[in-house]
Amino acid sequence: MTLSRRENAAPIPFDNSYARLPGHFHARADPTPVAEPWLIKFNRGLAEELGLDGAVLEKDAAAIFSGNRIPEGAEPLGMAYAGHQFGQFVPLLGDGRAILLGEVIDRVGRRRDIQLKGAGKTPYSRRGDGRAALGPVLREYIVSEAMHALGIPATRALAAVVTGEPVYREEVLPGAVLTRVAASHIRVGTFQFLAARGDTDGVRTLADYVIDRHYPHLKGSSRPYADLLEAVIGAQAQLIAGWLHVGFIHGVMNTDNCAVSGETIDFGPCAFLDAYDPTKVFSSIDRGGRYAYASQPAIGQWNMARLAETLLPLLDPEPSEAVNIANDLIAGFGPRFQAHWLDGMRRKIGLETSEDGDLDLVQALLSAMHSGGADYTLTFRRLCDAAEVETGDAALSGLFADPAALHGWLSNWRARCEREPPTGNQRAKAMRCVNPAFIPRNHRIEQAILAARMDGDFSLFEALVEALANPYQDQPKFAPLAQPPQPEEEVLQTFCGT
Ligand code: AMP
Ligand code: MG
């Protein structure tokens, strides 16, 4: 590596703890320079949140976030991990096209990873080219930032850069690099990588590191590894409940795409529901529907069982006792998920208190939505209006193929609401804080990608990013972005784009 690549870059105060972990946890890999980097987008607000000088950094952003210039203090590496992909175990995956530049401590003292995705080959690239295409980079930028604004833990997007080089997939596409910021990139698959090698010391080192970094309140516990497992299970149960609340389908919930921090990671073929359908699958590679919308909690629990397996030797010296401890904790996933889910659904229909019949009330609405083909997001948003004034009912009913099915439900709902103190106004206001007006609609993402790719027109991408930064506000100027697709606009399948 020539020194000049490392000179004159805007300062980033790196403090790289993962690079100090044992050598087989990662492999050094510098980004491969690209021909003609051009900055699509720089997330100045996130840069400031990281404690960086956004204005200074923006000047060097194309060079730094393409990997052409390596800021001082960076120790670029690929992380090793394994993973169950659609149920099949692969003992070595690793960052094949992502390079961790390093870590910074943000303004509130949290350690954050800065990683370039699509920055060239690493020792884990196998047959891949180490690159990313423009489409998936724009998709991840839009959706990860939208998830964050929706209040759901997610990795963030700091920058998107086009490389000026083609990438070869089924067709020739423009290459791009996404800079991703994460609480960490440690996955269930990172634990699996070490466990599969029989490296119990490595698993313990990683578990201690994760406790230190993500769950420091567990330090000094008398059973730290059981507590760690329980904490990750709790974080995943809450995360997946949040996904269901906003109609998000991750699409590839492989264990290598499951972060132990509890952040949503890897926005490959992810998509949001338009019409409510619990069996919905968008991903072209998910032929069996393993990762369908309503299957996500069960898969989350399955992934937690895989994490538990890696921790068994740390849970108890007696193997059967270790299995008992793990089983008890894994069994806790379901009730935790259910509690988070019902709690959030109650708030979506405007309830402050809990009553025994609430689950049935929520389920009756979902079932009317399913049979009526109602748009998931708009149903809840228009329900906010109906909470305020009964004249709102007409616009809501209009979303249902069979509006009569909704009418009975509305009177049950109003009877339930009347047993609580808030006025209609207050209730509507609270509901608008949990029922977004804007989600990243699949057809809009596809249109934004197409315009960028074919015409170099990033205006729809920009509009989406701006609108989705405030998803709970009506923003009349972006009204078309809140609408479901026309039949001819509907996206039927999404692709990983690897
Ligand atoms: P993903 O489907 O993005 O979660 O990736 C699964 C695995 O394939 C990871 O180990 C990636 O690093 C690797 N991978 C995906 N795309 C590429 C690529 N273009 N070049 C090298 N490795 C890749
Ligand atoms: Mg992945």
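Note that the coordinates shown come from a computational prediction; the quantities given were computed from them, not determined experimentally.

Summarising the metal site, the magnesium ion (ligand 2) is bound by the protein donors Asn257 (OD1) and Asp266 (OD), whose distances to it range over 1.9 to 2.1 Å. Looking at Asp266, the relative accessible area reads 16%, which means it is buried.

Close to ligand 1 lie 18 residues, the nearest being Gly94, Gly96, Asp129, Gly130 and Asp266. Between ligand 1 and Arg97 there is a distance of 3.1 Å, counted from an oxygen atom to a side-chain nitrogen or oxygen. In the model, a nitrogen atom of ligand 1 is placed 3.3 Å from a nitrogen or oxygen of the Arg131 main chain. Alone, ligand 1 offers 480 Å² of accessible surface; in the complex the protein occludes 86% of this. Across the shell around ligand 1, the residue classes break down as two nonpolar, eight polar and eight charged. Formed jointly, the shell around ligand 1 draws a minimum of three residues from each of two domains, domain 1 (3-185) and domain 2 (189-342).

This part covers the environment of Lys59. Take Lys59: it is sitting in helix 2 (residues 54-64). Separated by 20 residues in the primary sequence, Lys59 and Leu39 place their C-alpha atoms 9.9 Å from one another.

The biggest cluster of nonpolar side chains holds 131 residues, and the ones touching the most others in it are Phe191, Ile349, Leu383 and Trp413. Setting aside chain neighbours within four positions, we find Trp413 in contact with Ile349, Leu361, Leu383, Ala386, Ala387 and Met431. Formed by 26 residues, the second largest nonpolar core is a distinct cluster that contains Phe14, Leu46, Leu116 and Val181.

The subject of this paragraph is the side chain of Gln475. Counting through the fold element by element, Gln475 comes out in the segment after helix 16 (459-468). Among the residues examined, Gln475 registers a relative accessible area of 15% and is labelled buried. Here Ala467 takes part through its backbone oxygen, which lies 2.9 Å from a polar atom of the side chain of Gln475. If sequence neighbours within four positions are ignored, Gln475 has contacts with Phe438, Glu466, Ala467 and Asn470.

This next bit is on the pattern of salt bridges. Going through the model one piece at a time under the given rule, you end up with 44 salt bridges. Close ionic contact of Arg453 with Glu171 constitutes a salt bridge, the shortest N to O distance being 3.2 Å. Remark: Glu171 occurs in the loop between strand 9 (156-168) and strand 10 (172-182) and Arg453 occurs in helix 15 (residues 442-455); sequence separation between them is 282 residues. Owing to a relative accessible area of 28%, Arg453 belongs among the partly exposed residues under this scheme. Put simply, Arg346, Glu355, Asp358, Arg416, Arg419, Glu420 and Arg427 are held in one network by salt bridges that share partners.

Before going further, it helps to spend a moment on the domain arrangement of the protein chain. We note that the domain assignment places domain 1 (3-185), domain 2 (189-342) and domain 3 (356-498) within the protein chain. Listed as interface residues are 38 residues of domain 1 and, on the opposing side, 40 residues of domain 2. Between domain 1 and domain 2 lies a buried interface of about 3100 Å² when both sides are counted; carbon and sulfur atoms form 65% of it. Considering only the side of domain 1, the residues that lose the most area to domain 2 are His24, His84 and Phe86, jointly responsible for 21% of the buried surface there. Along the contact surface separating domain 1 from domain 2 lie 14 residue pairs in polar contact (both at pLDDT 80 or more). Elements with a minimum of two residues in the side of domain 1 that touches domain 2: strand 4 (83-85), strand 7 (111-117), helix 3 (134-150) and strand 10. Counting residues per element, the side of domain 1 that touches domain 2 draws most heavily on helix 3, which supplies six residues. For the side of domain 1 that touches domain 2, the class distribution of residues is 20 nonpolar, ten polar and eight charged.

This part is about the pairing of strand 7. Burial analysis of strand 7 places six of its seven residues in the buried class, the great majority of the element. The antiparallel hairpin formed by strand 6 (residues 98-105) and strand 7 contains five residues in its connecting segment, where Gly109 sits at a positive phi of about 85 degrees.

Tallying each qualifying case throughout the model produces 14 aromatic pairs. For the ring pair Tyr18 and Phe25, a centre distance of 6.4 Å and an interplane angle of 55 degrees mean the geometry is tilted. By relative accessible area, Tyr18 is classed as buried at 1%. Residue class for Phe25 comes out buried when judged on its relative accessible area of 2%.

In this section: helix 6 (residues 224-246). Spanning 23 residues, helix 6 covers 33 Å between terminal C-alpha atoms, matching the ideal 33 Å at 1.5 Å per step. Positive backbone phi, approximately 80 degrees, marks Gly247, located one or two places after helix 6.

For Gln236, the position within the fold is in helix 6. A polar contact of 3.0 Å, which involves the side chain of Gln236, links it to the backbone oxygen of Ala259. The residues contacting Gln236, other than those within four sequence positions of it, are Cys258, Ala259, Gly262, Met304 and Phe333.

Rules behind the numbers
- Residues numbered from 1 in each chain as written.
- Chains lettered and ligands numbered in written order.
- Predicted model: local features only at pLDDT ≥ 70, side-chain atom pairs only at ≥ 80, totals over all residues.
- Heavy atoms only, no water.
- Donors = N, O, S within 2.8 Å, 3.2 Å for Na, K, Ca; no water.
- Buried < 20%, exposed > 50% of the residue type's maximum accessible area, 1.4 Å probe, protein only.
- Near = heavy atom within 4 Å.
- Polar contact = N/O pair within 3.5 Å; in protein donor to acceptor, adjacent residues only side chain to side chain.
- Areas by Shrake-Rupley, 256 points an atom, 1.4 Å probe, with all protein chains shown as cover.
- Nonpolar A, V, L, I, M, F, W, Y, C, P; charged D, E, K, R; others polar.
- Domains from an automatic or database assignment.
- Helix = DSSP H or I, 4+ residues; strand = E, 2+ residues; numbered from the N terminus.
- Core = buried A, V, L, I, M, F, W, Y, C linked by side-chain atoms within 4.5 Å.
- Contact = heavy atoms within 4.5 Å.
- Salt bridge = Lys/Arg side-chain N within 4 Å of Asp/Glu carboxyl O.
- Buried area = accessible area lost by both parts, 1.4 Å probe.
- Pairing = 2+ DSSP bridges.
- Phe/Tyr/Trp six-rings, centres within 6.5 Å; stacked < 30°, edge-to-face > 60°.
- Expected span 1.5 Å × (residues − 1).

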